[in-house]
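Understanding the architecture of this molecule
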Amino acid sequence: MSIAYDYHNTTTTAAIPHKQLLIDGQHVESVSGRSFKTLNPATEQVIATISEGNEVDVDRAVAAARRAFEGPWSTMRAAERGHILFRLADLMKQHADELAELESRDAGKPIAAVLRQDLPSAIDTLTYYAGWADKISGDVVSTRPDALTYTVREPVGVVAVIVPWNFPLMIGMWKLAPALACGCTIVMKPAELTSLSALRIGELALEAGLPPGVLNIVPGPGRVVGDALVNHPDVDKVTFTGSPGVGRGILRGAAGNFKRVSLELGGKSANVIFDDANLDAATKAAAAGIFFNAGQVCSAGSRVLAQEAVYDEVVERLTARAEALRIGDTADKGTALGPVISEKQMKSILDYVDIGEKEGATLTTGGRRVGDRGYYISPAVFANVAHEMRISQEEIFGPVVSVIKFRDEADAARIANGTAYSLAAGVWSRDIGRTQRFVKKANAGTVWINTYGYTDVRLPWGGARDSGFGREHGSQALETFTEPKSVWMNLNV
Ligand code: NAD
């Protein structure tokens, strides 16, 4: 089954494509018959209508996932599971342009960024875990001379995958690929604003040979579909990326049947620039670290900490870099900065700019809406930011950077660690000892030295405190989708 959609055609007279839920290998309308619209944030035009799931649709999807878990998916050879995932990766490569365009239009991302980052990361993740499918093993453990004792790793069961709108395809695949490789089955709830790429991946997965019911996709509101999944007695695990507030609710809901939970939440990451750093490289990476994806990145370097002697130069260079960024049409391969995801998000970011100015920080550039169509904001740099200010403590999730002055190593570590989050941090210095001392002190799941923002599926990714818990990527993710079973065999009977 392969269906190509005409998402270009969004004039008012053209038919707008309609997408249905994907349950048990079938496209189906939601039981309520309701649907919602999805917009291109760059143009504010409706690009599709989508069936809106509810609790009953979730019940049907979970039942299908359970049947597939107990049936074809768990009785298939692990190597065959891997082959299906490799075939899906091949199909994603064949459909790369279509997927990139879909993601660009639905999430308002510059197409160049999707082709450089989102899509290659999603495909790399899938091939990495496809290779793992037949390599998940247990241990033979020495206990008593009259017993053979060993462990096997078994899939946890039916997994609810709940993802945000900032990297729908990429973060979705960070969860789907290891869960499927481990033999779990899935009910996925994409973010309301960005359901299209997930639905397309669901179709390609069927084409790749994934048995019906292994991957079900139920778009709809978080409070309805997400909540129903989190509270469902037949869901074994929830893997979630999103905001700390929703993450807290998920933990409470999951307590009902003691679901396993992985949470990847927000961040307020510090990018620390010492006075002996290569300032050109540091400010280039610091600008990319906050303005990439219009700042809608959990690990965005939204706080740049600059040592006293270089503070003014860092502000100047960041300001110049912000002003040089090309804002515009997301379909144009030369565009660096697209819109933010929605009107609501745009208003929230502009409110933070207001708050920063009222708090007494100096806005050196940007922070204003650009044009009156599409949710574009000019990249903003705040200087003279005090550590206690709200713009320095709260996640803005937009193209706004706060530049904070520090004195010495101890001051840098205190400020860097001084928020509720613990996701990522960067440090810039030519002094290797100084960088390593910072690494030791940093409350962060990832630390970048003289670089910023890289992720790779081979290295664990995640945080602590308000940034959540559990790790995605690497062999660590496999542990989150499997349960060890200890086996005792009496050798004397
Ligand atoms: P969000 O928490 O509002 O939504 C995330 C997902 O949860 C969406 O699919 C939403 O529909 C769903 N949801 C909402 N209410 C729910 C409920 N009651 N029960 C179950 N599901 C529910 O976050 P967002 O606005 O989509 O994304 C932005 C946030 O995500 C930011 O705070 C950002 O830092 C965080 N984020 C973190 C990472 C990471 O890797 N740590 C990555 C991307 C985004």
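Residues numbered from 1 in each chain as written. Predicted model: local features only at pLDDT ≥ 70, side-chain atom pairs only at ≥ 80, totals over all residues. Heavy atoms only, no water.

Per-chain confidence: the protein averages 96 in pLDDT, with 97% of residues scoring 70 or above. Below a pLDDT of 50 lies the segment residues 1–13, which in the model reaches 30 contacts outside its immediate sequence neighbourhood of four places, other chains included. (pLDDT = per-residue confidence, 0-100. Contact = heavy atoms within 4.5 Å.)

This brings us to the pairing of strand β18 (residues 380–383). The alternating pattern of β18 places Ala380 and Phe382 on one face and Val381 and Ala383 on the opposite face, and all of these are buried. Pairing analysis gives three bridges linking β18 to strand β19 (residues 400–406), with the strands arranged parallel. Bridge pairing links Val381 to Val401 in β19. (Buried < 20%, exposed > 50% of the residue type's maximum accessible area, 1.4 Å probe, protein only. Helix = DSSP H or I, 4+ residues; strand = E, 2+ residues; numbered from the N terminus. Pairing = 2+ DSSP bridges.)

Scanning the model with the defined rule gives six aromatic pairs in all. Aromatic side chains Trp448 and Tyr452 sit 4.5 Å apart centroid to centroid with 50 degrees between the ring planes, which places their arrangement in the tilted category. Exposure remark for Tyr452: the relative accessible area of 10% places this residue in the buried category. Ring centres of Trp448 and Trp461 lie 6.2 Å apart, and the angle between their planes is 40 degrees; this geometry places the pair in the tilted category. Note that Trp448 is positioned in strand β22 (residues 446–449) and Trp461 in the loop between β22 and β23 (464–465), a separation of 13 residues in sequence. In terms of burial, Trp448 and Trp461 fall into one category: buried. In textbook terms, an aromatic cluster arises when at least three aromatic residues are bridged by ring pairs, as seen for Trp448, Tyr452 and Trp461. The cationic tip of Lys405 hangs over the ring face of Tyr311; the distance from NZ or CZ to the ring centre is 4.9 Å. (Phe/Tyr/Trp six-rings, centres within 6.5 Å; stacked < 30°, edge-to-face > 60°. Lys NZ or Arg CZ within 6 Å of the ring centre and 35° of its normal.)

Formed by 124 residues in total, the largest nonpolar core has its most connected members in Met92, Leu176, Met188, Val272, Val314 and Val403. The element that contributes the greatest number of residues to this core is helix α6 (residues 168–181), accounting for 10 residues. Those residues in contact with Met92, other than ones at most four positions away along the chain, are Leu99, Leu119, Ala122, Ile123, Leu126, Leu169, Met173, Ile201 and Leu204. Ala61, Ala65, Ile162 and Leu263 belong to the second-largest nonpolar core, a separate cluster that totals 25 residues. (Core = buried A, V, L, I, M, F, W, Y, C linked by side-chain atoms within 4.5 Å.)

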